[in-house]
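A closer look at the structure
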Amino acid sequence: MSQAASHLRAALSLAAVSARGATSRGAARRRLSAWPVPQEPSMEYQDAVRMLNTLQTNAGYLEQVKRQRGDPQTQLEAMEQYLARSGLQVEDLDGLNIIHVTGTKGKGSTCAFTECILRSYGLKTGFFSSPHLVQVRERIRINGQPISPELFTKHFWRLYHRLEETKVDLAVVEVGIGGAYDCTNIIRKPVVCGVSSLGIDHTSLLGDTLEKIAWQKGGIFKQGVPAFTVLQPEGPLAVLRDRAQQISCPLYLCPPLEALEEGGPPLTLGLEGEHQRSNAALALQLARCWLQQQDHQGAGELKASRPSLLWQLPLAPTFQPTSHMQLGLRNTEWPGRTQVLRRGPLTWYLDGAHTSNSVQACVRWFRQALQGSQRLSAGPEVRVLLFNSTGDRDSAALLKLLQPCQFDYAVFCPNLTEVASTGSADQQNFTVTLDHVLLRCLEHQQHWNRLDEEQASPDLWSSPSLEPGGPASLLLAPRPPHSCASSLVFSCISHALQWISQGRDPVFQPPRPPRGLFAHPVAASGASVLQEAVAIHVLVTGSLHLVGGVLKLLEPSLSQ
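Residues numbered from 1 in each chain as written. Predicted model: local features only at pLDDT ≥ 70, side-chain atom pairs only at ≥ 80, totals over all residues. Heavy atoms only, no water.

Looking now at helix H10 (residues 234–246). End to end, H10 covers 18 Å across 13 residues, agreeing with the expected 18 Å (1.5 Å per residue, within 8%). Within H10 the residues assigned to the buried category are Pro236, Leu237, Val239, Leu240, Arg241, Arg243 and Ala244. Lining the buried residues of H10 we find strand E5 (192–195), helix H9 (210–217), strand E6 (227–229), strand E7 (251–253) and strand E10 (313–314). Positioned one or two residues after H10, serine 248 has a phi angle of 60 degrees, which is positive. (Helix = DSSP H or I, 4+ residues; strand = E, 2+ residues; numbered from the N terminus. Expected span 1.5 Å × (residues − 1). Buried < 20%, exposed > 50% of the residue type's maximum accessible area, 1.4 Å probe, protein only. Contact = heavy atoms within 4.5 Å.)

We now examine the confidence of the model for the protein chain. Averaged over all residues, the pLDDT of the protein chain equals 80, while 75% of them reach at least 70. A low-confidence stretch, residues 1–41 (pLDDT under 50), is modelled with 132 contacts involving residues beyond four sequence positions or located in other chains. When the criterion is pLDDT under 50, residues 460–483 qualifies, and its contacts beyond four places in sequence or with other chains add up to 45 contacts. (pLDDT = per-residue confidence, 0-100.)

What follows deals with the sheet that holds E6. As summarised here, the arrangement of the 4 strands in space is E1-E5-E6-E7, forming an open sheet in which the pairing is parallel. The outermost strands of the open sheet, each flanked by one partner alone, are strand E1 (99–102) and E7. Across the sheet, the mean angle separating the axes of adjacent strands is 20 degrees when strand polarity is ignored. Examined bridge by bridge, E5 and E6 share 3 bridges and lie parallel to one another. Paired with valine 195 across the bridge in E6 is threonine 229. Across the face of the sheet, helix H12 (residues 276–293) comes into contact with E1, E5 and E6 while running at roughly 175 degrees to E5. (Pairing = 2+ DSSP bridges. Axes fitted to C-alpha atoms, helices over the stretch in contact; angles between N-to-C directions.)

Moving on to the UniProt feature "binding site: ATP" (unreviewed entry) in the protein chain. UniProt records the feature "binding site: ATP" (unreviewed entry) at Arg337 and Asp351, using the numbering of this structure. For arginine 337, the location among the structural elements is in the loop between helix H13 (323–331) and strand E12 (339–343). Those residues within four positions of arginine 337 in sequence are excluded, and the remaining contacts are Ser109, Leu133, Gln276, Leu350, Asp351 and Leu544. Of note, aspartate 351 is situated in the loop between strand E13 (346–350) and helix H14 (356–372). Classification of aspartate 351 by relative accessible area gives buried; the value is 6%. Setting aside its immediate chain neighbours within four residues, aspartate 351 contacts Gly336, Arg337, Thr338, Ser358, Cys362, Trp365, Val540, Thr541, Gly542 and Val547. In terms of polar contacts, aspartate 351 uses its side chain to reach the backbone amide nitrogen of threonine 338, at 2.8 Å. (UniProt positions renumbered as here; feature names shortened; annotations may be inferred. Polar contact = N/O pair within 3.5 Å; in protein donor to acceptor, adjacent residues only side chain to side chain.)

Here is the structure:
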């Protein structure tokens, strides 16, 4: 292995930002000169992505590194070495007006809100986020748009050759999840920092309690740099407070969005879901603080209020959002998060929720959306869950949270767009094996079936029902409405979508499925149910990578 792909991606984002005069995490340029970069001859975007994929840590090596993990601080020190080898110094980053955001859920949405607000003021913005949904270049956005394939290709090959010329025997696995030892924490002088909602996730890397995770996430705080957090449980909030006080970082607690709406019109958000309101409240504070730090006019008029403390943290000031701020919130787009696609009789609900808190928020959003949907005609409606979960997440706990949605069918598949990896290189992942991901899907199915059996037979001492549609025949017949959901496992996203849509999605029209693909009794009987339904509501959740694969097939324009 020549070098870690994650560091190449990070260095690539910084070079792309400097060359275009923008900054990462939604900000404007302060001072950083660009240099001319020659175009690599005879190389296309997909060639660059395929080469990038060869640098991915393979599954076996990743497990070995996890077992032998030493001082995580060395990862951050290694990032400085990679940065220097790419032609940049840490001091170069000090000239960027950076907003640095961390958290377990909502940090991407918060950044999307913030970036759109700043752009509504006419500012030029750069935005780095991870992971991507469809194409890797989505991770680096200039003025709200992913950088072009040509720009990505140009900077990739410049960095690739420079790193090859200076390579040493050093292999690093970068966690890429934000916090004390994440590669993005090489940023020393952000303008402002933010912490979105914290929850249990990535426990093998961050810790198995909210307090340990809060300590990691608070690692982005810098001396004298203002920081804002949404309301957290008391334990992790105290950890954030103590972490900030230790380094003299002024930390503020964001008031709810209702406090900013008081006395003015209700704020309209471009992202659906009640949970997005806390992300929007944090974004408003980050944007206003950034504007103030840059002595920008029009940062919002403060409302008359007395300073107050909550859990020994000062509340951030309330203010009247400006027309630019309102416009930015309204125009925010962030694909794959509480996104709805309506296609004929099918409605696709896409949300990359993958933690307990985010799945709970997803369930509330989905159920509210169903209540607000209009029945176009009398007839049966079908609810389908398409789910996958990866890493060390507790899929049984996540699936239990999804039970109140009363799905008619639960479908599981890996985060593979097609069975054969002949498609876009953007969707390739060498950090897991095919056998592993398929076994994982079968585990999801077993968890779901067990939950359905418990729901159908709450008396554990009674015999299971042998009636059609009962738990004993769970995989043999479609269930009556709101009884036991039938479940299926498919080997890729494309096959799962073909069965769910039954050719009724006017955009997703793939070739005929392979012979025998839908021969399973549940697949065969369910096909008739789906073909006759007047409305099919499909919730896709559990993994952002799954949502990205679905979007690639449902929205072909995203791959262009």
